[in-house]
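# Observations on chain architecture
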Amino acid sequence: SSGINAEYGDRRLSSDIDGPTDSEGNSKAFQSSLKSLNSCIISQRAALLKSILNFLKRAIPDQLFSEYIRNVMDGSLPTSLKHIINKAEYYGPSLFFLATEVVTLYVFHEPSLLSSLQDRKLTDVILDALVVKEVYVTDR
């Protein structure tokens, strides 16, 4: 009998602390915090991506890194850049502009490889984002 009371007491305490719950037992506060987390990127991840993109901006013009940059751009980086540019609302304006800057620098320094980016539809995504999307100005 004491086990039943303890179990009921735990549920009652949990619902008193968390507030109303849905049919799955999730609190409304928990659900709203999940929605806010899903609407924008976590600041630590954004900072890491920003550092990576800033490194690429510095590495692309450097002749010592040119072969490595070509290998990276032949890999999955264009897909990742497309994702950042497509989801500008999630990643924010700062990462959107950095991603487009990386592509711009790459095309400027490796114009002969523009066709590979066009084949991967990266240029289409950038043009669509610049023409259609509403990206807000940031203070980088």
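In what follows, the structure referred to is the one given above.
Just so we're clear, the structure is a prediction, and the values are computed from it rather than from any experiment.

## Brief notes about the overall build of the protein chain
In terms of regular secondary structure, the protein chain is built from 9 helices and 0 strands. Traced from its N-terminal end to its C-terminal end, the protein chain shows the element sequence α-α-α-α-α-α-α-α-α. Within the protein chain, buried positions represent 24% of all 140 residues. At a minimum sequence separation of 6, the contacts of the protein chain that also span at least 24 residues come to 65%. A total of about 9600 Å² of accessible surface is found on the protein chain, and carbon and sulfur atoms cover 56% of it.

## Brief notes about the nonpolar core
General note: in soluble globular proteins, nonpolar side chains tend to be found buried as a group. Ranked by internal contacts, the top residues of the largest apolar core, which has 26 residues, are Leu-53, Ile-69, Met-73, Leu-81, Ile-85, Leu-95 and Leu-122. Broken down by secondary-structure element, the contributors of at least two residues to this core are helix H3 (43-59), helix H4 (66-74), helix H5 (77-86), helix H6 (88-91), helix H7 (93-109) and helix H9 (122-132). Ranked by the residues each element gives to this core, the list is headed by H7, at 7 residues.

## Details of H3
Look at H3: 24 Å from first C-alpha to last across 17 residues, which is about the 24 Å you get at 1.5 Å a residue. All of the buried residues along H3 are Ala-46, Leu-53, Asn-54, Leu-56 and Ala-59. In this structure, the buried side of H3 is in contact with H4, H5 and H7.

## Considering the pattern of salt bridges
Taken as a whole, this structure holds 3 salt bridges when the rule is applied. Salt-bridge contacts for Arg-70 lead to Glu-67; the nearest nitrogen and oxygen are separated by 3.2 Å. Linking Arg-70 with Glu-67, this pair stays in helix H4, spanning 3 residues, or about one helical turn. Residue class for Glu-67 comes out partly exposed when judged on its relative accessible area of 45%. Arg-70 serves as the salt-bridge partner of Glu-110, at 3.2 Å between the closest nitrogen and oxygen. Taken as a pair, Glu-110 in the loop between H7 and helix H8 (114-119) and Arg-70 in helix H4 lie far apart in primary sequence, 40 residues in all. For Glu-110, a relative accessible area of 13% corresponds to the buried category. Several salt bridges converge on common partners, so that one network encompasses Glu-67, Arg-70 and Glu-110.

Parameters and conventions
- Residues numbered from 1 in each chain as written.
- Predicted model: local features only at pLDDT ≥ 70, side-chain atom pairs only at ≥ 80, totals over all residues.
- Heavy atoms only, no water.
- Helix = DSSP H or I, 4+ residues; strand = E, 2+ residues; numbered from the N terminus.
- Buried < 20%, exposed > 50% of the residue type's maximum accessible area, 1.4 Å probe, protein only.
- Contact = heavy atoms within 4.5 Å.
- Areas by Shrake-Rupley, 256 points an atom, 1.4 Å probe, with all protein chains shown as cover.
- Core = buried A, V, L, I, M, F, W, Y, C linked by side-chain atoms within 4.5 Å.
- Expected span 1.5 Å × (residues − 1).
- Salt bridge = Lys/Arg side-chain N within 4 Å of Asp/Glu carboxyl O.

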